[in-house]
Amino acid sequence: MNGLNPDQLDAVNTLSGPLLVLAGAGTGKTRVITYRIVKLIQTGTPRERILAVTFTNKAANEMRERLMPMIDVKQKTPQPHDKFKPKYAKNRFAEDDPQPTVSTFHSLCVKILRRQIDKLGYPLKFAIYNRGDQESLARTVLREINVNDKMMAPNQLLFHISNWKCKSLKPGDAIMQSESDAQHLAAIAYQRYQRQLKISGAVDFDDLLLLTEELFRTHEEVRSEEAARFDHLLIDEYQDTNTSQYRIVKALASQHRNLCVVGDDDQSIYGWRGAEVEHILSFNRDWPDAKVVRLEDNYRSTTSIISLANTLIKFNKTRHDKVLRAARPGGDVPALRQYDNETVEAQETVRSIQRRLEEKGREPRDFAILFRTNEQPRPFETELRKAKLPYVLVGGMSFFDRKEVKDLLAYFRLLDAEPDDISILRIINKPPRGIGKKSIEKLLDHSVKQKVPLWDMIAGDAERPKLTSAVDRGLNGLVESIGIVKAQMGGLSLVETARLLIDRTNYKAEIEKTYSEPEDRESHWAVVEQIVSALGEYERSTRKPTLSKFLDKLLLGDQSPDDDKEKQLKKNAIALMTMHSAKGLEFPEVYMVGLEEGILPHKRSLEDDDAGVPEERRLCYVGVTRAEELLTLSMSLSRMKWGKAKPTNLSRFVFEMFGKTDSPNYARRKRVQ
DNA sequence: AAGTTAGTTTTGTTT
DNA sequence: AAACTAACTT
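For every chain, the first residue of the written sequence is number 1, and numbering continues from 1 onward in sequence order. Lettering of chains starts at A and numbering of ligands starts at 1, both following the order in which they are written. The model is predicted, so local features are restricted to residues of pLDDT at least 70 and side-chain atom pairs to those at 80 or more, both for listing and for counting; the totals for chains, interfaces and linings are taken over all residues. Side-chain metrics in this entry use all non-hydrogen atoms of the structure; hydrogen atoms and water are not considered.

**Student:** Describe the overall build of chain A, and please don't skip the residues or the numbers.
**Tutor:** Going along the chain from the N terminus, every DSSP run of H or I of four or more residues is numbered as a helix, and every run of E of two or more is numbered as a strand. From N to C terminus, chain A includes 34 helices and 18 strands. Expressed as a percentage of contacts within chain A between residues at least 6 apart in sequence, the contacts between residues at least 24 apart total 76%. Areas reported here follow the Shrake-Rupley algorithm with a probe of radius 1.4 Å; residue values treat only the protein chains shown as occluding. Surface summary for chain A: the accessible area is close to 31,100 Å², and the carbon and sulfur share equals 49%. The contact rule is simple, with two residues in contact once any of their heavy atoms fall within 4.5 Å.

**Student:** Just give me the short version of the protein's contact with DNA strand B, but keep the residues and values in it.
**Tutor:** In the vicinity of DNA strand B lie 18 residues, with Asn 374, Asn 429, Gly 436, Ser 439 and Arg 604 positioned nearest. Nitrogen and oxygen atoms within 3.5 Å of one another constitute a polar contact, given that in protein one can donate a hydrogen and the other can accept it, and given that sequence-neighbouring residues count only through two side-chain atoms. At 2.4 Å from a phosphate oxygen of DNA strand B is found a side-chain nitrogen or oxygen belonging to Ser 439. One nitrogen or oxygen atom from the side chain of His 580 is found 3.1 Å from a sugar or linking oxygen belonging to DNA strand B. With 4 residues, helix H22 (residues 437-450) is the single largest residue contributor to the surface near DNA strand B. Nearness is judged by heavy atoms alone; a residue qualifies as near a molecule or strand once a single heavy atom is within 4 Å of it.

**Student:** Hey, could you go over the sheet that holds strand S8 (residues 291-295) for me, with residue numbers and the actual values?
**Tutor:** Strands pair, by our definition, only if DSSP identifies at least two bridges between them. Spatially, 6 strands are ordered S3-S2-S6-S7-S1-S8 in an open sheet, and the strand pairing comes out parallel. Only two strands of the sheet have a single partner each, and these edge strands are strand S3 (101-104) and S8. For this sheet the average axis-to-axis angle between neighbouring strands, irrespective of direction, equals 15 degrees. Seen against the sheet, helix H1 (residues 6-13) touches strand S1 (19-23) and S8 and runs at an angle of roughly 145 degrees to S8. Inter-axis angles, ranging from 0 to 180 degrees, are taken between N-to-C directions of lines fitted to C-alpha atoms, where helices are fitted over the stretch in contact. Each of strand S2 (50-54) and S3 touches helix H3 (residues 57-67); the most contacted strand, S3, lies at about 165 degrees to it.

**Student:** I'd like a rundown of the environment of Leu 585, residues and numbers included.
**Tutor:** Among the secondary structure elements, Leu 585 is positioned in the loop between helix H30 (579-582) and strand S15 (587-592). Sequence-wise, Leu 585 and Ile 313 are 272 residues apart; in three dimensions their C-alpha atoms are separated by 19 Å. The contacts of Leu 585, once residues within four sequence positions are left out, are Lys 58, Arg 300, Met 577 and Arg 626.

**Student:** I'd love a proper account of the protein's contact with DNA strand C, names of residues and values included.
**Tutor:** All residues adjacent to DNA strand C are Arg 139, Ser 469, Ala 470 and Arg 473. Between a phosphate oxygen of DNA strand C and a side-chain N or O atom of Ser 469, the distance comes to 3.1 Å. Take the surface near DNA strand C: its biggest share by element is 3 residues, from helix H24 (residues 469-489). Three categories are distinguished: nonpolar for Ala, Val, Leu, Ile, Met, Phe, Trp, Tyr, Cys and Pro, charged for Asp, Glu, Lys and Arg, and polar for the others, with Gly belonging to the last. Its residues assigned to classes, the surface near DNA strand C shows 1 nonpolar, 1 polar and 2 charged.

**Student:** Can you explain the packing of aromatic side chains? Please cite residues and give values.
**Tutor:** Any two of the Phe, Tyr and Trp rings considered here, Trp counted by its six-membered ring, make a pair once their centres fall within 6.5 Å; the pair's planes then place it as stacked at under 30 degrees, edge-to-face at over 60, or tilted in between. In total, this model carries 7 aromatic pairs according to the counting rule given. Summarising the aromatic geometry, the rings of Tyr 538 and Phe 550 are spaced 5.3 Å apart at their centres and angled 45 degrees between planes, so their arrangement reads as tilted. Separated by 12 residues along the polypeptide, Tyr 538 in helix H27 (residues 518-541) and Phe 550 in helix H28 (residues 547-556) bring together distant segments of the chain. On the basis of relative accessibility, which here comes to 2%, the residue Tyr 538 falls in the buried class. Residue Phe 550 is classed as buried on the basis of its relative accessible area of 0%. The residue whose ring lies beneath Lys 508 is Trp 525, and the NZ or CZ to ring-centre distance is 4.7 Å. Relative accessibility thresholds used throughout: buried, under 20% of the residue-type maximum; exposed, over 50%; partly exposed, between the two (1.4 Å probe, protein chains only). Consider the ring centre and the ring normal. A charge sits over the ring if Lys NZ or Arg CZ is within 6 Å of that centre and within 35 degrees of that normal.

**Student:** Residue-level account of the packing of helix H8 (residues 131-144) against helix H11 (residues 181-199), with values.
**Tutor:** Where H8 contacts H11, the two axes come as close as 9 Å, and the packing angle between them is 120 degrees. By the angle between their axes, H8 is oblique relative to H11. Along this stretch, H8 crosses H11, giving a crossing that reads as right-handed. Note on element contacts: H11 touches H8 through Ala 189, Arg 192, Tyr 193, Gln 196 and Leu 197, opposite Gln 134, Leu 137, Ala 138, Val 141, Leu 142 and Glu 144. Counted by class, the contact of H8 with H11 contains 7 nonpolar, 2 polar and 2 charged residues. An angle below 35 degrees is read as roughly parallel, one above 145 as roughly antiparallel, one from 65 to 115 as roughly perpendicular, and any other as oblique. Put simply, a crossing is left-handed when the front helix is turned counterclockwise from the back one by less than a right angle, and right-handed when it is turned clockwise.

**Student:** Could you give me a rundown of the sheet that holds strand S16 (residues 627-636), with the residues and numbers involved?
**Tutor:** Strand order across the open sheet formed by 6 strands is S11-S16-S15-S12-S14-S13, with parallel pairing between neighbours. Since the sheet does not close on itself, it has two edges, and those belong to strand S11 (335-339) and strand S13 (391-393), each with one partner. Going from strand to strand, the sheet's axes swing by 20 degrees on average, the running direction of each strand aside. Direction of pairing for S11 relative to S16: parallel, over a ladder of 5 bridges. When the bridges of S16 are listed, Gln 338 appears paired with Met 635.

**Student:** Help me get a handle on the side chain of Gln 245, residues and values and all.
**Tutor:** Inspection of the secondary structure puts Gln 245 in helix H14 (residues 243-253). Exposure remark for Gln 245: the relative accessible area of 4% places this residue in the buried category. One polar contact links the side chain of Gln 245 to the main-chain amide nitrogen of Asn 242, over a distance of 2.8 Å. Aside from chain neighbours lying at most four places away, what touches Gln 245 is Phe 55, Phe 105, Leu 209 and Asp 240.

**Student:** Lay out the nonpolar core in plain terms, naming residues and giving numbers.
**Tutor:** Burial of nonpolar side chains together is a common tendency in soluble globular proteins. Nonpolar core, defined: a set of buried Ala, Val, Leu, Ile, Met, Phe, Trp, Tyr and Cys residues in which side-chain atoms within 4.5 Å join the residues together. Counting residues in hydrophobic clusters, the biggest one holds 46 residues, and the most contacted among them are Phe 412, Ile 428 and Leu 535. Take this core: its biggest share by element is 8 residues, from H27. Those residues in contact with Phe 412 that lie beyond four places of it in its chain are Ala 498, Leu 501, Ile 531, Leu 535, Leu 547, Phe 550 and Leu 551.

**Student:** So what's going on with the environment of Leu 600? Which residues, and what values?
**Tutor:** With respect to the element layout, Leu 600 can be found in the loop between S15 and helix H31 (603-606). Using a relative accessible area of 0% as the deciding quantity, one classes Leu 600 as buried. Each C-alpha atom, one on Leu 600 and one on Glu 616, is 6.6 Å from the other, the two residues being 16 residues apart in sequence. Apart from the residues within four sequence positions on either side, Leu 600 is in contact with Arg 372, Met 579, Gly 594, Leu 595, Glu 616, Leu 619, Cys 620, Ser 651 and Phe 653.

**Student:** Break down unusual backbone geometry for me, citing the residues and quoting the values.
**Tutor:** A cis amide bond, omega -5 degrees, links Lys 430 with the succeeding residue Pro 431. Examined against the element boundaries, Pro 431 turns out to sit in the loop between helix H21 (421-427) and H22. Here Leu 600 and Pro 601 are connected by a cis peptide whose omega angle stands at 0 degrees. In this structure, Pro 601 sits in the loop between S15 and H31. Phi at Arg 257 is positive, roughly 60 degrees, even though this residue is not glycine. Looking at the secondary structure, you find Arg 257 in the loop between H14 and strand S7 (259-263). Its relative accessible area of 30% is what places Arg 257 among the partly exposed residues.

**Student:** Tell me what's going on with the pairing of S1, and back it up with residues and numbers.
**Tutor:** Counting buried residues in S1 gives 5 out of 5 residues, a clear majority hidden from the surface. Burial along S1 is two-sided: Leu 19, Val 21 and Ala 23 facing one way and Leu 20 and Leu 22 facing the other are all buried. With 5 bridges connecting them, S1 and S8 associate as parallel partners. Paired with Leu 22 across the bridge in S8 is Arg 294. Here S1 pairs with S7 via 4 bridges, running parallel. Pairing of Leu 19 across the sheet is with Cys 260, part of S7.

As C-alpha cells, then:
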C-alpha cells in the first residue's frame, strides 16, 4: 500500500461499515477502490464475496485490468488456440478460482433476474431492447393510439418513459399523476409500450433495474438470498445512481452494511437520465454511522488548472464542501481564444495542436478536443484530416448501433423458439424479398386481431392473411432458410451456425445492395466478420456457450468488439469527444471548444434554471479537470444555424472562471464583439 | 389499371 | 423517417 496519502489510506483501511468516499477529480479514486479490494482479500475476505459495481463496462474492464495483477490470479490452463493468440489468455482466469465480481448494474441485474426467473411471474425471454428497438416500439405504440409526430415524437415519448421508469413509476400511476395533456398522452402510450414489451417477453435497459428492484420488494426471500451472496459492496461513481440503482444498493447492503460508495457530487452530469445527486448528498441520512473520507489532493493537474476549476464549481450552491488541492505547482494559465466562426475555431485549434506536436515533442495521444454536442466535431474532423493528423471520434455510434450488428442479432434471435416481433420486422425484408410496407402491415394487423404470434404466422404454423404470391414466396424463402439452420444447428458450433445463417439468408446481398463502393462494402462486411469472431471468442471462453447468452452479453457490452476505438486511442491519436464521455479520462493538453451560451450551458438546460445550469456547470468542471498541463478554452463569435451565421455570446461559465464578475447573469447581458 | 415494392430525395438533428 | 417517384406484378 505504498504511495497512498493519509486520506487515501484511511479510505482503504476502513473495511467494515458504511463508508462514503468523496473523491474530487484526479484524486486517485480508482486506486483507492482497487487497493481497498486488495486489502479486503489480504485481511481474509473470500474473493467471491466482494462485489464492485461500476456504471460502464469500460470502467469495469479497467478495474479488472488493474486488479488482476495485484491479487495473484490462477491463470486458466492455456487452450491450444491461446498459444497463438496470447492476448486472449490475458485476464482469463481458471474457472475454479473464485474472483471478486466487478460488474455493471445492468449485468448484475441480468444475472439476478436469470437466477430468479421463476419468481418473476412472467415469461421473460431476455430480449433486451436497445435505443433503436425502443424507438421503433415507441413509434408503433404512438401510431396505435393515433398520435402523430407533431403531437409527440417517439423520442419525446421515450424521454417521458425513462423519466417515469427511473422513478419506478408504473404506467397506472403515471396516468394518474400526469399534469398536462402531453404527459397524459405519453402515460397512455407508456402503458401500451410496457404491455407490448411484456407480450414479446422483452425488456428495455431501464426494466432490467426496475424488475430487479421490484423483485426485491415483493419477494423478501429473493432479496435476502441475493444480498447474502456478498459481504462487501463497492459502488463507483455513486453520484450517478438513479432511484432504482439506489434502492438496489440499499437492498443488497442492508444486512452486512459493508457498503463503500465512491463519488464526486461535483461530477454529477447525468441528471437528464435520472441520476440524482441527492443520493450522494444525503448518504449520511440512510447510513447515519457512515464514515466520510474526503480526497482533495489532486495529482492530475497543475495549480492554474485546479484553481480555475475551484473558482467555477463554487458557483454551485448545494454541494459537499471540498476544495481540490493541486499537488503539481504552477503551470500555464489556461488561455481563452475567440474566433470569428466555427471553421476558424477548428483551423486554429488544429494548427495549435500541430505546433505543440512539433515544438513540444508531444504525441497525438496527449491531446483531447472536448465539446458539448455531437454536431460540433464536424469542422474539427475536417481540419484534422486536412492536416493528416490521426484522431478518434469517441462516442458517436457505438458498435451495437451499427445496423449490421443489429440485423445479425435480429437474425440470431430468429433461431429462438419464439422470436420477438421487433427482430422479425427488422430483417423480414433484408435482403429484399419482395415483402413491402403493405404486406407487413397486413401481417401485423392479422397478428394483433387473431392474437397469433407473428412468427407462427410467418412460419406457417398459423394461418397467414391473404398476400400476393410474390410476398408468400418471399416469406417462405425466409422460413426455409431459418428452418435449414435450425435443423442443423444441433450438430454445429455457434460460429458454424452463424456462418450458415449468414450464408443461407444471403445477408451479403443486403450489404452489396446498400453500398456500391467496394471500400464501403468491405468495411461493412468487416463488421459482420467482427461479430462472428466475437462469437467465436465467446464460444471458446465459456463453458456452456449459448447463442442467447451471447446476445445478452453483446447487448450489455460485456464483451467488447467495441474496443476498436479504445485500441485506436491507445494507438496514439488525438481524442475528439463530448465532455460527457470524457469523464474519468485525463490528457496532458485539453482544448474545450464552443464555450458559448446555448451550447455550454446547453439551451435545453436553460429551461430549467434550478437544476439545469448547475449540472451544466458541473459538466464544464469535468471538462476543465481533464487537463493535466495545458488547457485552452475557445469559442466562436458566430455559428451557422439553418444555413445562416448567427452571433453568439461567451458562456457564463467563462466569466465565472476568470472572475470577471460575481454574477452569473453577467454573461447573458454582455455581448462579446 | 390498380396495388405494391424499390430506390431517391427531403427533412430534421442534445446530452 | 417520411414523402415521392419509378418500376414491377397480378
